[in-house]
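The chain contents come next:
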Amino acid sequence: MSRTAEPGADKRIDGRAFAAGLRERVARAVSTVSETHGFTPGLAVVLVGEDPASQVYVRNKGKQTVETGMRSVEHRLDASTDQDTLLKLIADLNADDAVDGILVQLPLPEQIDAQAVLDAIEPAKDVDGFHVINAGRLATGGAALVPCTPLGCLLLLQDRLGDLSGKHAVVVGRSNIVGKPMAQLLLGANATVTIAHSRTADLPAMCRQADILVAAVGRPEMVRGDWIKTGATVIDVGINRVPAPEKGDGKTRLVGDVAFDEALAVAGAITPVPGGVGPMTIACLLRNTVEAACRRRGVTLPEM
Ligand code: GUN
């Protein structure tokens, strides 16, 4: 490390740079399938309502889909949309051969049963990997489409650590979107996996046993420096907006589920927030879209 580098710079896992590299590989794969097989993968994104964070995600998804050479279709529905209308749209997208991937942005308004909608998506087009069939395939070692955020975490871990065999991974959080699939992926990579959560007895002591600590709880800076074993690799999935009075009245800043400065002093490597796991989610969505498009058409998936 050069003398002028920021302290701990070599410990920071740069998700922005890794995601940019992955997007380039996806773009090359898109060119290859287009030249070799004559099709362009297409992603349909469905947004119900006007949640501001969801609008930002959906805009970025559309932009990056087009930037990697794929087709992007957006369906924006009113917040008062009923379940049957949404299910009819999903049925149309399932039947549309030009659509390879379908993503319904979460959260959905409360009048809609989210799991029923997710399970209405054709599993072969389920680029979020949230359908019960894909969850089941992931759990049983089948050819699943894998949820994007945990997949992004796994790629960052393998890039940093190489083989994960024999490492003890503690995943804090048990959601269907991150915690559970993260644990399955780590198990598939031969780690020894513990799933911890808000009811785990002595959570700090459990975390201190981790060679790999994945925090996905949605609580700002809950994981403290003294919860981390010296040299551990820390993956912070949290994106929490908190007041930042030091920046001025009413200002906010983004923090993870890990107290970053404390953790940086102890960990061997850590993802920052922002710029760690966040950028990986959309990059993995693009990767899954190419994968879904190739599988549906029975063509070999190019290396990504
Ligand atoms: N809302 C927040 N993250 C996600 C995601 O990964 N997929 C979908 N569909 N909605 C989300």
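In this text the structure is predicted, and so the values were computed from the model without any measurement.

Criteria and cut-off values
- Residues numbered from 1 in each chain as written.
- Predicted model: local features only at pLDDT ≥ 70, side-chain atom pairs only at ≥ 80, totals over all residues.
- Heavy atoms only, no water.
- Near = heavy atom within 4 Å.
- Polar contact = N/O pair within 3.5 Å; in protein donor to acceptor, adjacent residues only side chain to side chain.
- Areas by Shrake-Rupley, 256 points an atom, 1.4 Å probe, with all protein chains shown as cover.
- Nonpolar A, V, L, I, M, F, W, Y, C, P; charged D, E, K, R; others polar.
- Pairing = 2+ DSSP bridges.
- Helix = DSSP H or I, 4+ residues; strand = E, 2+ residues; numbered from the N terminus.
- Axes fitted to C-alpha atoms, helices over the stretch in contact; angles between N-to-C directions.

How would you summarise the site of the ligand if you had to cite specific residues and measurements?
Within the structure, the ligand sits among Leu103, Val104, Gln105, Leu106, Asp128 and Phe130. Here a nitrogen atom of the ligand sits 3.1 Å away from a polar atom, N or O, in the side chain of Gln105. In the model, a nitrogen atom of the ligand is placed 2.5 Å from a nitrogen or oxygen of the Asp128 side chain. For the ligand, whose free accessible area comes to 280 Å², the fraction covered by protein is 80%. Looking at the shell around the ligand residue by residue, the class counts come to four nonpolar, one polar and one charged.

How would you summarise the sheet that holds strand β3 (residues 101-104) if you had to cite specific residues and measurements?
The strands that make up a sheet are held in pairs by hydrogen bonds between backbone atoms, and each pair lies either parallel or antiparallel. Ordered in space as β2-β1-β3, the three strands form an open sheet in which the pairing is parallel. Both edges of this open sheet fall to β2 (71-77) and β3, since each of them pairs with a single strand only. The sheet shows a mean angle of 15 degrees between the axes of neighbouring strands, direction not considered. With seven bridges connecting them, strand β1 (residues 42-48) and β2 associate as parallel partners. Along β2, the bridge assignment pairs Gly42 with Arg71.

Residue-level account of the sheet that holds strand β10 (residues 269-270), with values.
Taken in spatial order, the five strands of this open sheet run β5-β4-β6-β7-β10, and their pairing is parallel. Strands with a single pairing partner mark the edges of an open sheet, and in this sheet they are β5 (192-196) and β10. Sheet topology note: the strand β7 (residues 233-236)/β10 ladder contains two bridges and is parallel. Each bridged residue has a counterpart across the sheet, and for Val234 the counterpart in β10 is Ile270.

Any chance you could break down unusual backbone geometry for me, citing the residues and the numbers?
The linkage connecting Leu106 with the following residue, Pro107, adopts the cis geometry, with an omega of 5 degrees. Inspection of the secondary structure puts Pro107 in the loop between β3 and α4 (114-118). Residue Pro274 follows Val273 across a cis peptide bond; omega there is 0 degrees. Residue placement: Pro274 occurs in the loop between β10 and α10 (278-297). Phi at Asp202 takes a positive value of approximately 45 degrees, unusual for a residue other than glycine. Of note, Asp202 is situated in the loop between β5 and α8 (203-207).

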